[in-house]
Structure formats: structure tokens, C-alpha cells
Amino acid sequence: MNSLRLHNTFGGTKDVFEPLEPGLVRMYTCGPTVWNFAHVGNLRAFLFYDLIRRHLRVAGFRVTHVMNLTDIDDRILDQAMHAGTTIEEYIEPYARAFFEDMATLRAQPAEHYPRATEHIPEMVDMISTLIKNENAYIADGDVYFRIASFPAYGALSHLDRAGLKAGARVATDKYEKESVSDFALWKKSQPEDEEIGASWEAPFGRGRPGWHIECSAMSKRYLGETLDIHAGGVDLLFPHHENEIAQSEAANQKPFVRVWLHSEHLFDATGEKMSKSAGGFTTLRDLIGAGHDPLAIRFFLIANAHYRSRLRLSDDALHAAAEQVRRLREFNERVIRTAPAVSDDAGLAQRTAEVRIAYREALDDDLNLPQGVGLVFDHIREANAALDAGRVGPSNKASLLELIDDLDAHLDVIRVEEPGLAEEVERLIAEREEARRARDFDRADRIRDDLRSRGIALEDSRDGVRWRRISPGPVIEAGRS
RNA sequence: GGCGACGUAGCCAAGUGGUAAGGCAGAGGUCUGCAAAACCUCCAUCCCCAGUUCGAUUCUGGGCGUCGCCUCCA
């Protein structure tokens with residue numbers, strides 16, 4: 001029985017989710033504009049997509065997930081121009097970096113990563129249709145969407161044109177628009193555009209696509225005219241998603257999206273929204289360079305706060321996340337290596353079963369991973385106590401491992417393969433054991449301290465010495481790019 | 001100016017009309033050669049005021065505060 005409920009931005013209610021085609025979810029998510037490295041705020045949104053995707057699969061759906069790469073826009077044009085490269089040459093390192101970052105953060109790959117410049121014909125087709133239907137018009141070589149032709153405009157964002165800030169708003173496009181709110185579908189080629197490979201032929205004149213049309217055209221190409229889920233950061237709500245609706249519904253005469261999902265912003269330590277254009281922003285590379293563990297960063301971004309809550313990036317929060325990841329991994333390893341007691345603890349079995357159900361319910365309730373994680377941590381304390389007391393039987397052990405599986409299906413930070421044991425670490429541990437047996441504790445402690453300073457912590461236990469990786473030294477505030 | 005969100009312990013954060021999950025940090029303890037890990041104990045009445053209610057942190061209204069969108073932006 002599917003009981004997944006999602007908060008639909010359109011309408012603002014939490015509804016049981018059912019895809020159009022039973023069992024298959026068609027999902028489109030707004031990906032990066034590859035004009036620069038993604039910052040952690042961008043990555044929060046991308047990991048949110050990953051969370052949706054993972055939980056849809058937990059809930060039993062097959063998922064076709066499309067995430068676009070915007071490889072043409074004004075910023076890319078500017079940068080390529082300055083760099084003296086084509087736009088294709090300019091974006092490539094950033095596109096590569098995007099995929100690297102996603103892999104570092106263990107995001108599951110989408111089924112398709114279409115690039116705007118590889119789908120110009122689809123966009124041209126759609127624009128032609130819009131012109132034919134009089135939803136768009138040509139003005140001095142540019143093509144604009146005629147918002148007046150689409151009465152439902154504003155329904156998603158609840159911004160009606162009358163309420164738009166009067167006077168202070170400067171139209172950034174050209175002047176021949178019928179209305180200031182009309183947005184560009186196609187921009188006439190400038191001479192420089194040709195040199196950097198940013199110009200295409202079209203029936204309505206040589207030029208390049210506006211930003212919004214790519215998502216309408218590419219989602220249709222890969223997922224059809226009606227999507228089950230369309231997700232993005234809240235900053236895309238207006239105008240981007242509003243414009244997508246207008247374009248797609250005007251062109252296709254079909255409902256565009258059934259459920260809109262928007263993730264909240266990430267804020268920096270000063271409380272300012274992280275934004276590329278605002279200047280200061282932190283990249284994944286910055287955080288890793290400052291000594292933060294990618295798994296902790298992943299945990300922080302998806303589990304520290306609900307996706308519709310604002311999240312503030314701070315060293316403390318990252319450290320807390322790292323500790324939580326550490327505890328989870330520690331617990332997992334402990335359960336795995338524990339030889340089961342002869343009999344099971346009925347109370348523990350009962351509680352584990354309850355927590356597994358409650359965890360699933362939390363995720364089914366609009367992807368409330370923070371709550372789910374809290375439930376599991378609560379139970380881990382009880383389970384650890386049972387382990388201390390040797391009360392964990394074979395069935396207990398198996399269900400605890402299943403609980404970890406449940407959690408890691410979303411988190412994916414627990415059962416992550418560590419790089420193989422460094423032989424040197426093992427050798428030093430053996431050396432230290434020898435020293436300890438000889439009661440040469442000075443030498444033993446020296447070895448332990450030495451390893452610690454190199455990011456390896458040792459723990460003595462009844463079952464022998466264990467080691468694990470830790471963040472080397474105190475981490476510093478990430479630099480700005 | 002329009003639209004909207006938020007304000008829960010030192011920090012992060014979940015949540016419900018019936019007296020508040022979890023994590024980090026901190027204090028004490030058990031265990032340990034010492035540690036670490038783990039466990040135990042301690043650590044909030046939910047911005048303010050008024051109202052509805054048997055009862056509100058959770059509903060309504062007002063206030064104060066913070067922030068987002070309205071322009072490129074995940």
C-alpha cells in the first residue's frame with residue numbers, strides 16, 4: 001500500500017502521491033548552470049532530488065529521472081567571451097566538476113542529463129508552435145512569450161502581474177516587448193555569439209534560446225507532456241517554473257506537472273542566502289579542503305533539516321553531522337561484529353519493528369528524514385545498551401541490520417566502503433600491542449597519538465584494537481570563492 | 001509597495017490541542033593501564049500579548065524580530 005504524501009507547491013497541500021502511469025514516476029529536476037562550480041546551496045537541491053528519487057524507489061516505484069544541464073545562458077556567454085573560448089570549451093570543466101561533486105556526495109545518477117545546446121531543434125519546434133498559436137510573438141528578431149495569452153499565469157507562485165513591484169523593476173531584455181513581464185523564448189544573435197558557438201538557425205531568425213524554454217522542451221522530449229514530479233529550488237519558483245508552465249501548457253494543451261516540489265535555500269554562516277551572484281559562496285571543494293568529510297556534508301545537507309526548511313551552513317553543524325555519521329557507522333560495525341546471544345530479546349525485537357515502521361512513516365510524510373533519523377538514533381541507544389548487556393540474539397541482530405538498511409537507503413553514508421586497511425596502520429597497531437603487553441605505555445601512547453594526528457583513531461576493546469578515520473585536527477571556516 | 005516563510009534548550013533541529021524526538025556542545029558517573037567507544041544521570045515549558053478551549057508550544061487575532069521572493073539564481 002502506497003502511503004507516500006508529498007507537499008505540492010501548487011496548491012500548498014500534502015497529498016498522497018500517485019504517478020500517472022502506475023508504478024512509474026516521471027521526474028524532472030532543474031540541474032546546474034555550468035558556468036562555474038556548484039556551491040553547496042546548489043548541492044543541497046541536487047541532493048534533495050536524490051532523496052526524492054531514493055524514497056520513490058523505497059516506496060516501490062520505478063523512476064525515470066531527468067536532470068538538465070544548462071550550458072547556454074548570459075553568464076556563460078560572458079565568461080566564454082572573456083576567456084576567448086567557445087561556450088562548449090568553456091563549460092566542459094564545470095560540467096565535469098558537477099558530475100564529480102555528485103559522485104563525491106553519493107547522489108544516484110539520473111537516467112538522463114540532457115544539455116540545452118543538444119536540444120535546440122526541440123526548443124525551436126516548441127517556439128514555432130507557440131508562435132503559430134499566438135502565444136508568442138517576434139519583436140525585432142527576438143521571440144517573446146505573450147503572458148496575456150495565458151490566463152493561468154501566476155497560479156504557481158501566486159504572483160499576479162498587478163502586484164509586481166511598480167517602477168523599480170527594470171526590464172532586462174529589449175524594449176519591443178508588448179508587456180514588461182513577457183519573457184524571451186529566443187534571443188537574436190549578436191555578432192559575438194557566432195564566434196563562441198552560441199548561435200543557431202531557426203525559422204524565426206538566427207539566435208539562441210532563452211533560459212526557460214529548455215526545460216519545457218527537454219522534459220517533453222524525455223518524459224512526455226505531463227510530468228509526475230518537477231522539482232527545483234524555491235528560487236526557481238518564479239519566474240522559471242511559472243514560465244515553464246506557461247510554455248508547456250500553451251504549446252501542448254496538456255497539464256504540465258502534477259506535483260511541484262521545491263527545496264528551501266541554504267544560508268551561509270552570516271545568515272545570508274548563498275548565491276553565486278551575491279558574491280560569497282562555498283563549494284564542495286572548499287569544504288573538503290577545510291577538512292570536512294563528504295559523508296558528513298551529505299548527511300548535513302539532506303538530514304540536518306527538512307527540505308522545506310531553511311538550512312544554515314556552519315562549522316558546528318558540519319561537525320555535528322560528522323559525529324552523527326560516526327555514531328551510525330560505529331553502531332553498524334558493532335552490530336555486524338557482535339556474535340549473537342543464544343536467545344532474542346522480545347522487547348528489543350518489538351521496538352526495532354516499531355521503529356522501522358515509524359521511520360518509513362516519517363519518510364512517507366513528505367520526506368521527513370530529520371525525524372526519521374531521530375527515531376533511529378533513539379533506538380540505537382537502546383540497542384547499544386542491549387549489546388552492552390549481551391542481550392542481542394540472532395533475530396534481533398538481523399532486524400537491527402535491516403533497520404540500518406532502511407536508513408542507509410536514504411542516507412547512504414553508513415555502509416560505504418572504506419579504502420582498504422593501510423598496511424602501515426596495521427603494523428603500527430601490532431607494534432603498539434606489543435608495547436602494551438610489555439606495559440610500555442609511553443611507547444604505546446606515542447604510537448596512538450601519532451596515528452591520531454594522521455587521522456586514525458584507535459579504540460581498545462575486549463575484542464581487540466579497532467581503528468577508524470577521523471577528521472584531522474580542528475576544521476576551519478571554509479574559504480570563499 | 002505586493003506575496004510568503006520562520007522565531008522550540010549554548011548551537012542545529014523534529015513535532016503534537018493534553019504538559020516537548022534526536023544530534024552537537026557541556027557536567028557527573030560506569031567501564032578502561034590511561035584513553036576511546038558505549039551506556040547511565042543532569043541540562044527547554046516552545047518570541048511577547050490577547051482570544052477560542054476543560055486544556056495551546058501546537059488554533060485565531062495583534063505585536064516584535066529575522067528572512068525569502070517579486071531581477072540572474074538550486
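Parameters at a glance
- Residues numbered from 1 in each chain as written.
- Chains lettered and ligands numbered in written order.
- Predicted model: local features only at pLDDT ≥ 70, side-chain atom pairs only at ≥ 80, totals over all residues.
- Heavy atoms only, no water.
- Pairing = 2+ DSSP bridges.
- Helix = DSSP H or I, 4+ residues; strand = E, 2+ residues; numbered from the N terminus.
- Axes fitted to C-alpha atoms, helices over the stretch in contact; angles between N-to-C directions.
- Contact = heavy atoms within 4.5 Å.
- Domains from an automatic or database assignment.
- Buried < 20%, exposed > 50% of the residue type's maximum accessible area, 1.4 Å probe, protein only.
- Polar contact = N/O pair within 3.5 Å; in protein donor to acceptor, adjacent residues only side chain to side chain.
- Core = buried A, V, L, I, M, F, W, Y, C linked by side-chain atoms within 4.5 Å.
- Phe/Tyr/Trp six-rings, centres within 6.5 Å; stacked < 30°, edge-to-face > 60°.
- Lys NZ or Arg CZ within 6 Å of the ring centre and 35° of its normal.
- Salt bridge = Lys/Arg side-chain N within 4 Å of Asp/Glu carboxyl O.

## Focus on the sheet that holds strand β10 (residues 257-263)
Part 1 of the argument: The four strands lie next to each other as β4-β3-β9-β10, forming an open sheet whose pairing is parallel. If you trace the sheet from one side to the other, it starts and ends with β4 (62-67) and β10, each paired once. Taken over all neighbouring pairs, the strand axes of this sheet differ in orientation by 20° on average, direction set aside.
Part 2 of the argument: Here strand β3 (residues 24-29) pairs with strand β9 (residues 227-233) via three bridges, running parallel. Bridge assignment links Tyr28 to a residue of β9, and that residue is His230.
Part 3 of the argument: Strands β9 and β10 of the sheet are contacted by helix α7 (residues 237-252), whose axis makes an angle of about 160° with β9.

## Points about the domain arrangement of chain A
Part 1 of the argument: By domain assignment, chain A separates into domain 1 (5-263), domain 2 (313-411) and domain 3 (423-469).
Part 2 of the argument: On a C-alpha basis, the centroid separation for the pair domain 1 and domain 3 is 55 Å.

## Quick notes on the environment of Leu51
Part 1 of the argument: Mapped onto the secondary structure, Leu51 falls in helix α1 (residues 40-58).
Part 2 of the argument: In contact with Leu51, other than residues within four places in its own chain, are Leu363, Leu367, Leu369 and His410.

## Description of helix α9 (residues 294-303)
Part 1 of the argument: Buried residues dominate α9, accounting for nine of its 10 residues.
Part 2 of the argument: Burial in α9 covers these residues: Leu295, Ala296, Ile297, Arg298, Phe299, Phe300, Leu301, Ile302 and Ala303.
Part 3 of the argument: Among the residues of α9, the N-terminal cap falls to Asp293, whose side-chain oxygen and the backbone nitrogen of Leu295 are separated by 2.9 Å.

## Here we look at the nonpolar core
Part 1 of the argument: Among the nonpolar cores identified, the biggest contains 127 residues, and Leu56, Ile229 and Leu411 are the most heavily contacted of them.
Part 2 of the argument: The element that contributes the greatest number of residues to this core is α1, accounting for 10 residues.
Part 3 of the argument: Each of domain 1 (5-263) and domain 2 (313-411) accounts for three or more of the residues forming this core.
Part 4 of the argument: Contacts of Ile229, omitting those with residues within four sequence positions, involve Leu6, Phe17, Val25, Arg26, Met27, Tyr28, Ile52, Leu56, Val259 and Leu261.
Part 5 of the argument: The next biggest cluster of nonpolar side chains, apart from the first, holds eight residues, and it includes Val425, Leu428, Ile429 and Ile447.

## Observations concerning the sheet that holds strand β6 (residues 142-145)
Sheet strands line up and pair through hydrogen bonds in the backbone, either parallel or antiparallel.
Part 1 of the argument: Sheet architecture is open: four strands sit in the order β5-β6-β7-β8, paired in antiparallel fashion. Two strands lie at the open edges of the sheet, namely β5 (136-139) and β8 (207-209), each paired on one side alone. Each adjacent strand pair in this sheet contributes to an overall mean axis angle of 20°, direction not counted.
Part 2 of the argument: Taken together, the three bridges between strand β7 (residues 184-188) and β8 define a ladder with antiparallel strand orientation.

## Some thoughts on the packing of aromatic side chains
How two aromatic rings sit relative to each other is given by the distance of their centres and the angle of their planes.
Part 1 of the argument: This model, assessed by the stated rule, comprises 15 aromatic pairs.
Part 2 of the argument: Here Phe48 and Tyr49 contribute two aromatic rings whose centre-to-centre distance is 6.2 Å and whose plane-to-plane angle is 55°, an arrangement assigned as tilted. Neither residue differs from the other here; Phe48 and Tyr49 are each classed as buried.
Part 3 of the argument: Look at Phe48 and Tyr307: their rings are 4.3 Å apart centre to centre, the planes differ by 20°, and that puts the pair in the stacked class. Residue Phe48 is located in helix α1, and its partner Tyr307 is located in the loop between α9 and β12 (311-312); the two are separated by 259 residues in the primary sequence. Accessibility classification places Phe48 together with Tyr307 in one group, the buried group.
Part 4 of the argument: Among the aromatic residues, ring-to-ring pairing joins Phe46, Phe48, Tyr49, Phe98, Phe99, Tyr113 and Tyr307 into one connected group.
Part 5 of the argument: In this arrangement the basic side chain of Arg221 is found over the ring face of Tyr222, its NZ or CZ atom lying 4.7 Å from the centre.
Part 6 of the argument: Here the guanidinium or amino end of Arg308 rests over the ring plane of Tyr307, the centre of that ring lying 5.8 Å away.

## A look at the pattern of salt bridges
Part 1 of the argument: Tallied over the full model, the rule gives 45 salt bridges.
Part 2 of the argument: Here Asp74 and Lys187 are joined by a salt bridge, their closest N and O atoms 3.6 Å apart. Here Lys187 lies in strand β7 and Asp74 lies in helix α2 (residues 74-83), a separation of 113 residues in the sequence.
Part 3 of the argument: Using a relative accessible area of 38% as the deciding quantity, one classes Asp74 as partly exposed.

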